[in-house]
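Chain by chain, the residues:
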Amino acid sequence: MKIIFALLKKDLLLEVRQQHSFYGILLYVASTIFVLKLAINNAEADVWNALFWIIQLFVCVNAVAKSFLQESRGRMLYFYSISGAREFIIAKLIYNIILMLLMSLMSLGLFFLLLKNPLSNPLQFAGIVCLGSLSLSLVFTLLAAIAAKAQQNAALMAILGFPLIVPQLLLVIRLSKVAFGEIFRDGAVLNLTLLIIGFDIMIVVLSVILFPFLWKD
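What comes next is a walk through the structure. Everything quoted here is computed from the prediction, not taken from an experiment.

1. Focus: the packing of aromatic side chains
Now for step 1: Throughout the structure, instances matching the rule amount to 11 aromatic pairs.
Now for step 2: Arranged with centres 6.2 Å apart and planes meeting at 5°, the rings of W48 and F52 form a pair that is stacked. Pair noted here: W48 and F52 are both in helix α3 (residues 45-69), with a separation of 4 residues, about one helical turn.
Now for step 3: For W48, a relative accessible area of 1% gives the class buried.
Now for step 4: By way of ring pairs, the aromatic residues W48, F52, W53, F111, F112, F125 and F180 are connected into one cluster.

As structure tokens, then:
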């Protein structure tokens with residue numbers, strides 16, 4: 001736990017000191033939402049929901065990718081000498097979860113501010129946003145690790161990521177509709193939530209099992 005905390009602290013300090021990438025992503029989100037306001041000020045619930053999650057998808061690709069791609073070969077050799085593979089990947093997973101949660105909640109705030117709010121239960125939607133953001137960050141953290149080792153950066157991550165993330169994104173979009181007042185059959189909301197959580201647990205387990213092989217390479 002001490003090693004995980006030290007690696008997490010390192011990533012957070014780098015993010016604070018190199019704020020240009022964070023503000024760059026935030027500017028991308030704000031400008032995209034502002035363009036949506038100019039184009040469709042009164043979006044229907046389904047359109048509003050779909051646009052929100054599409055933006056989160058591309059935000060995650062840009063935010064999570066740099067967590068591994070910014071690590072040089074020399075720095076990775078240094079990390080190899082002071083920590084283990086599992087501690088390193090767990091620290092990266094936690095860091096990307098924090099970053100993606102922050103970006104998603106800020107995006108949600110901008111959506112509320114600039115676009116008409118069609119939600120019947122904003123707090124419930126915020127909880128679903130946290131769950132969906134966690135799922136996106138976990139998947140793309142593992143894919144970013146693979147892409148960084150393959151030295152094909154974001155291109156390989158996008159090729160591997162979108163076929164994997166589309167089913168999960170569809171589940172999150174479907175679950176989000178409960179916050180818009182759509183009626184589900186008994187147990188459907190719980191089943192969708194457990195399915196997403198199960199998928200997240202599977203990604204964490206796969207990361208802990210598979211990353212040591214990338215680490216040795």
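The discussion continues.
2. Let's talk about helix α8 (residues 188-216)
Since the α-helix turns once every 3.6 residues, residues separated by three or four places project in the same direction.
Now for step 1: Taking 1.5 Å of rise per residue, 29 residues should cover 42 Å, and α8 covers 43 Å from first to last C-alpha, within 8% of that figure.
Now for step 2: The largest bend along α8 measures about 35° and falls at L210, with the proline P212 one to four residues further on.
Now for step 3: Among all positions in α8, only A188, L192, I196, D200, I203, S207, F211, P212 and W215 are buried.

3. Focus: the nonpolar core
Now for step 1: Grouped together as the largest cluster of nonpolar side chains are 66 residues, with contacts concentrated most on W48, W53, F125 and F140.
Now for step 2: Looking at this core, the elements with two or more residues in it are α1 (2-17), α2 (19-39), α3, α4 (73-82), α5 (85-114), α6 (122-150), α7 (153-176) and α8.
Now for step 3: Looking at which element gives the most residues to this core, the answer is α6, with 13 residues.
Now for step 4: Those residues within four positions of F140 in sequence are excluded, and the remaining contacts are L57, C60, V61, V64, M157, G161 and I165.

4. Focus on the environment of F199
Now for step 1: Along the chain, F199 turns up in helix α8.
Now for step 2: Taking the C-alpha atoms as reference points, F199 and V139, 60 residues apart in sequence, are found 9.5 Å from one another.

Reading the values: rules and limits
Residues numbered from 1 in each chain as written. Predicted model: local features only at pLDDT ≥ 70, side-chain atom pairs only at ≥ 80, totals over all residues. Heavy atoms only, no water. Phe/Tyr/Trp six-rings, centres within 6.5 Å; stacked < 30°, edge-to-face > 60°. Helix = DSSP H or I, 4+ residues; strand = E, 2+ residues; numbered from the N terminus. Buried < 20%, exposed > 50% of the residue type's maximum accessible area, 1.4 Å probe, protein only. Expected span 1.5 Å × (residues − 1). Bend = angle between axes of the 7 residues up to and from the residue. Core = buried A, V, L, I, M, F, W, Y, C linked by side-chain atoms within 4.5 Å. Contact = heavy atoms within 4.5 Å.

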